[in-house]
Amino acid sequence: MTALGKDLIGLETLAPEQIRLLLDTAEPFKEVSERPIKKVPALRGKTIVNLFFEASTRTRISFEFAEKRLSADTVNVAATGSSVSKGETLVDTAKNLEAMRIDMVVIRHGASGAAQFLARRIASNVINAGDGKHEHPTQALLDLLTIRDKLGRIEGTKVCLVGDILHSRVARSNLWGLTKLGAQVAVCGPRTLLPRGIEELGVTVFRRIEDAIAWADVLNVLRLQLERMEAGFIPSLREYYRVFGVTAERLERAPKELLVMHPGPMNRGVEIDSRVADGAHSVILDQVTNGVAVRMAVLYLLAGGKPELADAAKRGAPD
Amino acid sequence: MTRTDRSVMMDARALARALQRMAVEVLELNHGTENLVLIGIQRRGVELAERLGKLIEKDEGVEVPRGAIDITLYRDDLATIGPKPVIGETHLPGDLTGKHAVIVDDVLYTGRTVRAALDELADFGRPRRISLCVLVDRGGRELPIQADIVGKQVKCGPGDRVDVLIEEVDGREEVSLVKGGGPGSGGTS
């Protein structure tokens, strides 16, 4: 059995020990980024395509750094949303890339399930960098790593996801990862932005941000997408900030120390107060640093994850 | 199952004597402790480097800087054997430029680990000299690499295994040869 299999599509399908393996593997990769020469030859000769059908700065750059620091060769393909349609075209694009002999595809796509769809149809390793409202596994992994770094453990910690849970792939991946590793998970946000029946997953629901702050060890504040207001999910951004904004005043009343995380990009003054984003509670930039290490771990583990190679390893190939 | 036959090559006392001699040889090779850096290869090499460092400190009254490297990410066989998930820590005591770096490992076999270690060290500066110090040289090199300081030469074939057990990692001190035991833990070096 290989450590992870061919692809990383989401945390839903991973076992807790596979998630722990990813976090443990990320640990030594942090040091690589601190070296004078920030590069190791582990993936030398591998070709990786970053196929981004949706806008992304942080995730794409983070993947690119991870790839380059492992010595892989990278190509960025940024397809504009309008010119590329789903289905055949996506597969055609990937098939054409494969015909040029690539090893891995990192895909970001607006359609939920796009990564899985692609993974079934090409031989290259596929890594999901966010697909629609489905999952964003590497974001959740870097969130988990940051919690583990700061609090020393994940099991038993109280983590509250704040904001637009309904449309958030980050929330979905976090829910899977956190519950699999034994954290207590809560959500807090407007009723219109919470998935119906979420309590049935064992998730606590807070209607008031004050209650969430009183309970939590970690607040993971999600980005409120402006489109949600236009679509009538919330009355106004100001109203949202007033009711659900994570503000310095609200944090001051917290009974204990707590961490504030945000996957970025932030809307300062909407879901999060600038004083909080830049304040002592914030571990937002640690998350970004950890993102590179987590992605290096994912790439490294998948690169060796071809089944026939694992068999050779089992036979005890001499090294 | 092939028949295996284990014989002890070095007991705790023999191992201690070998390390004492190796520590002296390191000092001779370097003409003292100046610019000396001991770098252990994860994982037993790190402990052995620590021991050598302490022995030198006892004799010379000078603390020799120690480092540790994990060469996993510099291996040339990711495609053959797949990833090794548990990667040890790499930390070096500052820039190696101008230093005499002595690489310390438990077993020298194919030379591929040392080749990877040389590549990795090159990414941390340009040492004036790099030497190699191993507890056991079991022969069977696949690369033109040799050790400067050897604790014990062991003659064994490719089907045999050398096990180095040390207190800090294994809870006891012993070097043994396992005939027909396969390349095993100490055999990958």
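Preceding this paragraph is the structure being described.
Predicted, not measured: the structure shown is a model, and the values here were computed from it.

A. Expanded view of helix H1 (residues 12-30) of chain B. Residues and elements named next belong to chain B. Its 19 residues give H1 an end-to-end C-alpha distance of 27 Å, which sits within 8% of 27 Å, the value for a rise of 1.5 Å per residue. Buried within H1 we find Ala14, Leu15, Ala18, Leu19, Met22, Ala23, Val26, Leu27 and Asn30. Note on H1: the residue one or two positions beyond its end, His31, has a positive phi of about 55°.

B. Local environment of the packing of aromatic side chains. Tallied over the full model, the rule gives three aromatic pairs over all chains. Taking 5.7 Å as the distance between ring centres and 65° as the angle between the ring planes, the aromatic pair formed by Phe29 of chain A and Tyr300 of chain A counts as edge-to-face. On the criterion of sequence distance, the pair formed by Phe29 of chain A in helix H1 (residues 16-32) and Tyr300 of chain A in helix H12 (residues 284-303) is long-range, its members being 271 residues apart. Across the pair, Tyr300 of chain A and Phe29 of chain A agree in class, each one buried. If you follow Arg121 of chain A out to its NZ or CZ, it ends over the ring of Phe117 of chain A, 3.8 Å from the centre. One Lys or Arg, Arg138 of chain B, reaches over the ring of Tyr109 of chain B and ends 3.7 Å from the middle of that ring.

C. Focus on the sheet that holds strand S2 (residues 36-41) of chain B. Residue and element names in this part refer to chain B. Across the sheet, five strands lie side by side as S3-S2-S4-S5-S6; this open sheet has parallel pairing. In this open sheet, the two strands that pair with only one neighbour each are strand S3 (66-69) and strand S6 (149-153). With direction set aside, neighbouring strand axes in the sheet form an average angle of 25°. Relative to strand S5 (residues 129-137), strand S4 (residues 100-108) runs parallel, the two being bridged by eight bridges.

D. Quick look at the sheet that holds strand S3 (residues 104-109) of chain A. Residues and elements named next belong to chain A. Spatially, four strands are ordered S2-S1-S3-S4 in an open sheet, and the strand pairing comes out parallel. With partners counted over all chains shown, the strands left at the sheet margins are strand S2 (73-78) and strand S4 (125-131), one partner each. In this sheet, adjacent strand axes meet at a mean angle of 15° when their direction is disregarded. The strands touched by helix H4 (residues 114-121) within the sheet are S3 and S4, with S4 carrying the most contacts at an inclination of about 165°.

E. Quick look at the side chain of Glu135 of chain A. Residue and element names in this part refer to chain A. Of note, Glu135 is situated in the loop between S4 and helix H5 (137-151). One buried charged residue, Glu135, forms no salt bridge at all, with the nearest opposite charge on Arg172 at 7.6 Å. Within polar-contact distance, the side chain of Glu135 engages the backbone nitrogen of Leu11 at 2.8 Å.

F. Inspection of the state of the cysteines at higher detail. Using the criterion set out here, one finds zero disulfides over all chains in the structure. Not part of a disulfide, Cys188 of chain A finds its nearest cysteine sulfur in Cys160 of chain A, a span of 5.3 Å. The exposure class assigned to Cys188 of chain A is buried, which follows from its relative accessible area of 0%. Of the cysteine sulfurs around Cys156 of chain B, a residue in no disulfide, the closest is that of Cys133 of chain B, at 19 Å.

G. View of the pattern of salt bridges. The final tally for this structure, using the stated rule, is 34 salt bridges over all chains. Between Glu31 of chain A and Arg35 of chain A there is a salt bridge, with its nearest N and O atoms 3.0 Å apart. Residue Glu31 of chain A is classed as partly exposed on the basis of its relative accessible area of 22%. Across the pair Arg161 of chain B and Asp163 of chain B runs a salt bridge, and its minimum N-O distance is 2.9 Å.

Conventions and cut-offs
- Residues numbered from 1 in each chain as written.
- Chains lettered and ligands numbered in written order.
- Predicted model: local features only at pLDDT ≥ 70, side-chain atom pairs only at ≥ 80, totals over all residues.
- Heavy atoms only, no water.
- Helix = DSSP H or I, 4+ residues; strand = E, 2+ residues; numbered from the N terminus.
- Expected span 1.5 Å × (residues − 1).
- Buried < 20%, exposed > 50% of the residue type's maximum accessible area, 1.4 Å probe, protein only.
- Phe/Tyr/Trp six-rings, centres within 6.5 Å; stacked < 30°, edge-to-face > 60°.
- Lys NZ or Arg CZ within 6 Å of the ring centre and 35° of its normal.
- Pairing = 2+ DSSP bridges.
- Axes fitted to C-alpha atoms, helices over the stretch in contact; angles between N-to-C directions.
- Contact = heavy atoms within 4.5 Å.
- Lys, Arg positive; Asp, Glu negative; His and termini not counted.
- Salt bridge = Lys/Arg side-chain N within 4 Å of Asp/Glu carboxyl O.
- Polar contact = N/O pair within 3.5 Å; in protein donor to acceptor, adjacent residues only side chain to side chain.
- Disulfide = S-S within 2.5 Å.

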